[in-house]
Amino acid sequence: LVTSFSCGGKYALPLRCASPTPPMLRSFDTAAIANHAGTDHAAGDNIGGRLTFPNLVNIGKGGIITDIVVTDVAKLNTPLEVWIFDRDPSAGSTIVDNTAVSIAAAHATSLRRIIPIATTDWVDCGAFSAANPSFDKLIVNPGGLSGDIDAVLVVRTAARNQTAADNLTVSIAAESH
């Protein structure tokens, strides 16, 4: 064990081991999406409005989104997109269930990634289907006084014909210090 360092007798510095980097803390949050009875969603429509994942990452430090799972009790297996924002994209935007999504230009820099879910990503889990799309880990930093992450679920390329019994759930896993 080296406890000091000497450079030709000129410098002698005690070495201190810095505490090891703290492990990443795993945070996990889920938001359920309530759909309206008798409404079909066209390509480009939002499902369920803006989703907020409160305190998903540490305030001021951000984190890394590592996993997203979408479950569908109706097993419609529709192609979808999960739009991830590290700031609230609501102001001046249209994010309303069963309406075409339109995000205001002011929020362009807070859109961190659009994660597609293809029909082939869905897996039959018995009473429901689940999609766990592949994507590179996503660094997010909400800044300010929030650790909240927002998401918008969008129908991609085909209509989603749903009933009152339909229910989608989006789960996001993240790591942060």
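All values reported here derive from a predicted model rather than from experimental measurement. (Residues numbered from 1 in each chain as written. Predicted model: local features only at pLDDT ≥ 70, side-chain atom pairs only at ≥ 80, totals over all residues. Heavy atoms only, no water.)

Visitor: What is the right way to read the overall build of the chain from this model?
Guide: The helix and strand inventory of the chain stands at 0 helices and 14 strands. The secondary structure elements of the chain, listed N-terminal to C-terminal, are β-β-β-β-β-β-β-β-β-β-β-β-β-β. Across the 177 residues in the chain, those meeting the buried criterion constitute 40%. The contacts of the chain with a sequence gap of at least 6 include a subset with a gap of at least 24, amounting to 81%. (Helix = DSSP H or I, 4+ residues; strand = E, 2+ residues; numbered from the N terminus. Buried < 20%, exposed > 50% of the residue type's maximum accessible area, 1.4 Å probe, protein only. Contact = heavy atoms within 4.5 Å.)

Visitor: How do you make sense of the side chain of histidine 107 when you look at a structure like this?
Guide: Residue position: histidine 107 is located in the loop between strand E7 (80-85) and strand E8 (111-117). Separated by 2.7 Å, the side chain of histidine 107 and the backbone oxygen of alanine 91 make a polar contact. Once residues within four sequence positions are removed from consideration, histidine 107 is found in contact with Phe85, Asp88, Pro89, Ser90, Ala91 and Ser93. (Polar contact = N/O pair within 3.5 Å; in protein donor to acceptor, adjacent residues only side chain to side chain.)

Visitor: Looking at this structure, I do not really get the pattern of salt bridges. What am I missing?
Guide: Two side chains bearing opposite charge may form a pair once their charged atoms approach each other closely. A complete count under the given rule lists 7 salt bridges for this structure. When the shortest N-O distance is used, the salt bridge between aspartate 150 and arginine 50 registers 2.7 Å. Taken as a pair, aspartate 150 in strand E12 (residues 149-155) and arginine 50 in strand E5 (residues 46-53) lie far apart in primary sequence, 100 residues in all. Classification of arginine 50 as partly exposed rests on a relative accessible area of 32%. Across the pair glutamate 81 and arginine 156 runs a salt bridge whose closest N-O atoms are separated by 3.8 Å. With glutamate 81 in strand E7 and arginine 156 in the loop between E12 and strand E13 (160-161), this residue pair connects regions lying 75 residues apart in the sequence. (Salt bridge = Lys/Arg side-chain N within 4 Å of Asp/Glu carboxyl O.)

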